[in-house]
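# Breakdown of the fold
Letter by letter, the chains look like this.
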Amino acid sequence: MTTRRNFIKKTATGSVALSFSGLILPSMANANILGANDHINCAIIGVRSRAKAHVMAIHEQKNAKIIYSCDVDEIILEEHNLWCQENIGYIPKNEKDFRKVLEDKDVDAVFIATPEHWHAPMAIMALQAGKHVYVEKPCSHNPYENDLLVAAHKKYGKKVQMGNQQRSAKTSIMGVQDIRDGVIGEVYKGEAYYSNNRGSIGKGNEIAAPDTLDWDMWQGPAPRENYRDNIHPYNWHWFKTWGTGEVHNNGTHEIDLCRWALGVDLPESVTSFGGKYTFDDDWQFVDNQQVTYKYQDDKFITWTGHSRGKIIPNQPGRGATIYGSKGIIQLDRNFYKLYDLDGNLLKEEKEGAESATTNTMGQGQLDVNHVGNFFEAIRTDKSLHSDIQDASISTMLCHLGNIAQDAGETIKIDQTTGKILNNEKAMASWKREYAQGWEPKL
């Protein structure tokens, strides 16, 4: 199998003439200039569930088309083809090997909706191939990749938007502006929460991978493991080799909103409490977690993740609440509410169309807005709502939450680099092991 290293060698000498030493060869220079009508050709990599939201959002845009659907699972590709025919009226070209997609000079933008261990390595390779990138959250599997993706964005100069689509919600934009204008006074606390009732994933049995699945390519940069019957297509989220747990899977959204509203970046310290309380199964992360991020001026953010077990009495599935000296603002994917200190509702604004909140697709108007912002940035150099330089900070907070949980103690943070101070045990989680030839590099 051709590895990442061989791919770079091929693209440097073959039909896609790239140079990864920083020089741009003539055939590369003209490869991704948009046509006179600003048409954007897109490829979607990983097409099971979240990709459906990408498809519909792209389909809503003018002068944009999906020319590739890419997945390592033939059954998922076939199902997606039928879905595309029914929902957008055409079937994009199918490809199982994403490297062939990156070699196609007609592709302007790549949408990455793969398992999380692929996000940063694939995004970096797409940038090296001259593509703009829309990468689902979290943008990285570990802090090392987080920093590397930011460096790749700076080096290769293409647009990179992370899929924390609530940054494009008109009500959230309005709420944050009201906070900036002092409507709730001095803000001091952001409360992020997510609740679900996920079931047991059982204990997997080692079996042969299905003939329809390229298990080796599915693993990609991750160290090799035998196939088990409780990993693919969704439960990889709860295995540390490929996933990053609920704090990344969903917490990225609400933690990002709190950070945005409070106007903060990396914290001074991080503390995490939690555990796996429900089922005796292969789930490797905590399934209930409380993380606290402490900042200067006594500001702090909390993340409450409740993955398994019904919450009684019922609480909202997800959201963010911002506390200030004069009032409170609640931000949801579908509304913004302003309260006074006594809890009286003073103002409520709703999104023009609703977005799903707790299913695996998460489809809605916010995707249309976020993809529209991405395309506008490609065409006109308008600012991205979730540029990777900023989005990576929210991803780093989630990494630090997991690291603090594993360390079993409060960790102190270098607020310039995000690295953990005076704690070798915690810093051991900064980077992962990679399959030979697949480690992402600039």
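Quick note: structure is the one above.
What you are looking at is a predicted structure, and each value in this text was computed from that prediction instead of being measured.

## Looking at the environment of proline 267
For proline 267, the position within the fold is in the loop between α11 (251-262) and β8 (269-275). The buried category is assigned to proline 267, whose relative accessible area is 0%. Put simply, proline 267 and lysine 294 are 27 residues apart on the chain and 5.6 Å apart in space, counted from C-alpha to C-alpha. With near-sequence residues (within four places) excluded, proline 267 lies in contact with Tyr293, Lys294, Tyr295, Leu397, Leu400, Ile413 and Gln415.

## Description of the sheet that holds strand β6 (residues 160-162)
What the 6 strands build is an open sheet, ordered β3-β2-β1-β4-β5-β6; its pairing is parallel. Of all the strands in the sheet, the pair left with one neighbour each is β3 (93-95) and β6. Strand-to-strand twist of the sheet, defined as the mean angle between neighbouring strand axes without regard to direction, takes the value 20°. Two strands pair when backbone bridges link them, and strand β2 (residues 64-70) and β3 are joined in this way by 3 bridges, in the parallel orientation. Looking at the pairing, cysteine 70 lines up with glutamate 95 of β3. Taken strand by strand, helix α12 (residues 365-380) contacts β1 (40-45), β2, β4 (109-112), β5 (132-135) and β6, and its axis lies near 165° from that of β5.

## What to know about the packing of aromatic side chains
Scanning all chains against the criterion turns up 14 aromatic pairs. The interplanar angle of 90° and the centroid separation of 5.7 Å between the aromatic rings of phenylalanine 111 and phenylalanine 374 together place this pair among those described as edge-to-face. With a gap of 263 residues between them, phenylalanine 111 in strand β4 and phenylalanine 374 in helix α12 connect regions that are remote in the sequence. In terms of burial, phenylalanine 111 and phenylalanine 374 fall into one category: buried. By relative accessible area, which is 0% here, phenylalanine 374 ends up buried. Taken together, the aromatic side chains of Trp215, Trp218, Tyr227, Phe239 and Trp242 make up a single cluster linked through ring pairs.

## Quick look at the side chain of asparagine 249
On the secondary structure map, asparagine 249 appears in helix α10 (residues 246-249). Among the residues examined, asparagine 249 registers a relative accessible area of 6% and is labelled buried. A polar contact of 3.1 Å, which involves the side chain of asparagine 249, links it to the side chain of histidine 237. Once residues within four sequence positions are removed from consideration, asparagine 249 is found in contact with Glu116, Lys137, Arg198, Tyr234, His237 and Trp238.

## Looking at unusual backbone geometry
That bond from lysine 137 to proline 138 is cis: its omega, -10°, falls within 30 degrees of zero. Mapped onto the fold, proline 138 is located in the loop between β5 and α7 (143-156). Each neighbour pair has its own omega, and for histidine 232 with proline 233 the value is 15°, a cis peptide bond. Here proline 233 is to be found in the loop between α9 (215-219) and α10. One non-glycine residue, asparagine 63, adopts positive backbone phi at about 55°. Relative to the helices and strands, asparagine 63 resides in the loop between α3 (50-59) and β2. Look at asparagine 63 and you get partly exposed, because its relative accessible area is 37%. Residue aspartate 381 is not a glycine yet carries a positive backbone phi of 65°. Inspection of the secondary structure assignment puts aspartate 381 in the loop between α12 and α13 (388-407).

About the criteria used
- Per-chain numbering applies: the sequence of each chain, read as written, is numbered from 1 onward.
- At least 70 in pLDDT is required for a residue's local features to be given in this predicted model, at least 80 for side-chain atom pairs to be given and counted, and no such filter applies to totals for whole chains, interfaces and linings, which use all residues.
- Calculated side-chain values reflect all of the structure's heavy atoms, with hydrogen atoms and water omitted.
- Labels follow the DSSP assignment, with helices taken as runs of H or I lasting at least four residues and strands as runs of E lasting at least two, numbered in each case from the N terminus.
- For every residue, the accessible area (1.4 Å probe, protein chains only) is compared with the maximum for its type, and the residue is labelled buried under 20%, exposed over 50%, or partly exposed between those bounds.
- Residue contacts follow a heavy-atom distance rule, with two residues in contact if any of their heavy atoms lie within 4.5 Å.
- For two strands to count as paired, DSSP must find a minimum of two bridges between them.
- All axes here are fitted lines through C-alpha atoms, helices being fitted over the stretch that makes contact, and every angle between N-to-C directions spans 0 to 180 degrees.
- Between rings of Phe, Tyr and Trp, where Trp is taken as its six-membered ring, a pair exists when centres lie within 6.5 Å; planes separated by under 30 degrees are stacked, by over 60 edge-to-face, and by other angles tilted.
- Counting of polar contacts relies on pairs of N or O atoms within 3.5 Å, with two restrictions inside protein: one atom must be capable of donating a hydrogen and the other of accepting it, and residues adjacent in sequence are counted only when both atoms are side-chain atoms.

These figures come from the coordinates and say nothing about function on their own.
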